[in-house]
Amino acid sequence: MDKSNPTHYKQGSIECIEAIESATSSLDGFEGFCVGNVIKYVWRYDNKNGVEDLKKAKWYLDMLIKQVDVTR
């Protein structure tokens, strides 16, 4: 396994980092950070840490909701 491209970050021909880049290109700072982490943990949960990754995604989603609720 290549440490720079672990298999749990690839779905078909799409790399997780590419999906994150596309999904966050219009977001700034903390919002983009949270969205990126939600995507990362949901993306890999089935191939890496299961429910633990889903809980991490939820934590970042909760933080995102708080941030958006305050700023918009």
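Every chain's residues receive numbers from 1 upward, in the order its sequence appears when written. Whole-chain, interface and lining totals are the exception, using all residues; otherwise, since this is a predicted model, local features are given only for residues with pLDDT of at least 70 and side-chain atom pairs are given and counted only at 80 or more. Side-chain calculation: all heavy atoms of the structure are included, whereas hydrogens and water are not.

(A) Broad picture of the overall build of the chain. What the chain contains, in helices and strands, is three helices and two strands. Labels follow the DSSP assignment, with helices taken as runs of H or I lasting at least four residues and strands as runs of E lasting at least two, numbered in each case from the N terminus. Its helices and strands taken in sequence order, the chain reads β-β-α-α-α from the N to the C terminus. Counted over contacts in the chain with a minimum sequence separation of 6, partners at least 24 positions apart contribute 51%. Methods summary: accessible areas were calculated by the Shrake-Rupley approach with a probe of 1.4 Å, and residue burial reflects only the protein chains presented. With the model as given, the accessible surface of the chain reaches about 5200 Å², and the carbon-plus-sulfur share is 55%. We call two residues contacting when some pair of their heavy atoms lies within 4.5 Å.

(B) Broad picture of the environment of Val35. Mapped onto the elements, Val35 comes out in helix α2 (residues 29-44). Classification of Val35 by relative accessible area gives buried; the value is 17%. Along the chain, Val35 and Ala57 lie 22 residues apart, while their C-alpha atoms are 9.1 Å from each other. Once residues lying within four places of it in the same chain are set aside, the contact partners of Val35 are Thr24, Leu27 and Leu64. Each residue's exposure class comes from its accessible area (1.4 Å probe, protein chains only) as a fraction of the maximum for that residue type: buried when under 20%, exposed when over 50%, partly exposed otherwise.

(C) View of the nonpolar core. Only buried residues count toward a nonpolar core, which is a set of Ala, Val, Leu, Ile, Met, Phe, Trp, Tyr and Cys residues joined through side-chain atoms within 4.5 Å. Core analysis: the biggest nonpolar cluster contains seven residues, these being Cys34, Val35, Val38, Tyr41, Ala57, Tyr60 and Leu64. Counting residues per element, the ones that place at least two in this core are α2 and α3 (51-71). If you tally residues by element for this core, the top one is α2, at four residues. Beyond its immediate stretch of four places on either side in the chain, Tyr41 contacts Asp53, Lys56, Ala57 and Tyr60.

(D) Structural context of the pattern of salt bridges. The term salt bridge refers to a pairing of a side-chain nitrogen on Lys or Arg with a carboxyl oxygen on Asp or Glu at a separation within 4 Å. Enumeration over the complete set of coordinates arrives at four salt bridges. The salt bridge involving Arg44 is made with Asp53; its shortest N-O contact spans 2.8 Å. For Asp53, a relative accessible area of 0% puts it in the buried group. Note that Lys58 and Asp62 form a salt bridge whose closest N and O atoms lie 2.9 Å from each other. Linking Lys58 with Asp62, this pair stays in helix α3, spanning four residues, or about one helical turn.

(E) Broad picture of the packing of aromatic side chains. Stacked, tilted and edge-to-face are the three classes applied to pairs of Phe, Tyr and Trp rings, where Trp contributes its six-membered ring and a pair requires centres within 6.5 Å; stacked means planes under 30 degrees apart, edge-to-face means over 60, and tilted covers the rest. A full pass over the atoms with the stated rule returns four aromatic pairs. Judged by centre distance (6.3 Å) and plane angle (25°), the ring pair of Phe30 and Phe33 falls under stacked. Remark: Phe33 and Phe30 occur in helix α2; sequence separation between them is three residues, near one turn of the helix. Look at Phe33 and you get partly exposed, because its relative accessible area is 46%.

What is shown is where atoms sit, not what they do.
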